[in-house]
Amino acid sequence: MSANSRLTIAAHTLTWIGLYQRRGHEVATSEQIATSVNTNPVVIRRLLGELRKAGLADSRRGAGAGWMLTRDLAAITLLDVYRAIEPGPVFALHRATPDPECVVGYGIGPAMTAVYDDVEAALRGELAKTTLEDVLRDVLKAA
């Protein structure tokens, strides 16, 4: 099983747009962003569609088409981005109900739910502490 990179790609995309706008550009194209992310522009457009629905990005069509942020980088947390692209829980229980006659099958759901709830709360708490402004600052330090 591979790790999910959607949060990283979404943070990369929004941070890139924010920096691009600070450098005097109104909008960024999905092709430009895709070059930085090293992926297909279709992947970026799909992701930006989700970010638009969450109110983090917007687009302009026609001449001068492209994407822009709807808020400043300092007003967007990684939790905002996470909620936009991963609305469900981090972990799930079985797809089919385990055998209720089995002691493990009967008790695994409540036991794992308690752990998963704590993990979810910790994850969300950590993501809420970091803005995309923080991410950009750290990116520019590393450059």
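Rules used throughout
- Residues numbered from 1 in each chain as written.
- Predicted model: local features only at pLDDT ≥ 70, side-chain atom pairs only at ≥ 80, totals over all residues.
- Heavy atoms only, no water.
- Axes fitted to C-alpha atoms, helices over the stretch in contact; angles between N-to-C directions.
- Helix = DSSP H or I, 4+ residues; strand = E, 2+ residues; numbered from the N terminus.
- Parallel < 35°, antiparallel > 145°, perpendicular 65-115°, else oblique.
- Left-handed = near helix turned anticlockwise from the far one by under 90°.
- Contact = heavy atoms within 4.5 Å.
- Nonpolar A, V, L, I, M, F, W, Y, C, P; charged D, E, K, R; others polar.
- Buried < 20%, exposed > 50% of the residue type's maximum accessible area, 1.4 Å probe, protein only.
- Salt bridge = Lys/Arg side-chain N within 4 Å of Asp/Glu carboxyl O.
- Pairing = 2+ DSSP bridges.
- Phe/Tyr/Trp six-rings, centres within 6.5 Å; stacked < 30°, edge-to-face > 60°.
- Core = buried A, V, L, I, M, F, W, Y, C linked by side-chain atoms within 4.5 Å.

### Topic: the packing of helix α1 (residues 6-22) against helix α2 (residues 30-37)
- Orientation of α1 relative to α2, taken along the N-to-C sense of each, is 120 degrees, at an axis distance of 10 Å. Considered as vectors, α1 and α2 are oriented oblique to each other. Here α1 and α2 pass one another in a crossing that is right-handed. Here Ile9, His12, Thr13, Trp16, Ile17 and Tyr20 of α1 come into contact with α2, specifically with Gln32, Ile33, Ser36 and Val37.
- The residue inventory of the contact of α1 with α2, partitioned by class, reads 6 nonpolar, 4 polar and no charged.

### Section: unusual backbone geometry
- If you check the backbone angles, Asn38 has positive phi at about 65 degrees while not being a glycine.
- Position of Asn38 relative to the elements: it lies in the loop between α2 and α3 (41-53).
- Residue Asn38 is classed as exposed on the basis of its relative accessible area of 70%.

### Some points on the pattern of salt bridges
- Scanning the entire structure with this criterion turns up 11 salt bridges.
- Between Glu31 and Arg45 there is a salt bridge, with its nearest N and O atoms 3.3 Å apart. Of the two residues, Glu31 is situated in helix α2 and Arg45 in helix α3; the sequence distance between them amounts to 14 residues.
- The exposure class of Glu31 is partly exposed, given its relative accessible area of 42%.
- In this structure, the salt-bridge partner of Asp138 is Arg137, at a minimum N-O distance of 3.4 Å.
- Owing to a relative accessible area of 39%, Asp138 belongs among the partly exposed residues under this scheme.
- The network of salt bridges with common partners includes Asp134, Arg137, Asp138 and Lys141.

### Comments concerning the pairing of strand β2 (residues 66-69)
- One ladder, built from 4 bridges, connects strand β1 (residues 57-60) with β2; its direction is antiparallel. Bridging across to β2, Ala57 finds its partner in Leu69.
- Hairpin connection between β1 and β2: a loop of 5 residues separates the two successive antiparallel strands, and Gly62 in this loop has a positive phi of roughly 85 degrees.

### Regarding the packing of aromatic side chains
- Counted according to the given criterion, the structure contains 2 aromatic pairs.
- On the numbers, 4.7 Å between centres and 20 degrees between planes, the contact of Trp16 with Tyr20 is stacked. Of this pair, Trp16 and Tyr20 both sit in helix α1, 4 residues apart, which is roughly one turn of the helix.
- The exposure class assigned to Tyr20 is buried, which follows from its relative accessible area of 16%.
- Judged by centre distance (4.9 Å) and plane angle (25 degrees), the rings of Phe91 and Tyr116 are stacked. You can see Phe91 sitting in the loop between α4 (78-85) and α5 (103-128) and its partner Tyr116 sitting in helix α5, a full 25 residues away along the chain.

### A closer look at the nonpolar core
- With 30 residues, the main nonpolar core has Leu14, Leu48, Leu51, Val81 and Leu132 as its most contacted residues.
- Within the residue set of this core, elements represented by two or more residues are α1, α2, α3, β2, α4 and α6 (132-142).
- Element by element, the count of residues in this core is highest for α1, at 7 residues.
- Dropping the residues within four chain positions of it, Val81 is found in contact with Leu7, Ala10, Ala11, Leu14, Leu51, Leu56, Ile76 and Leu132.

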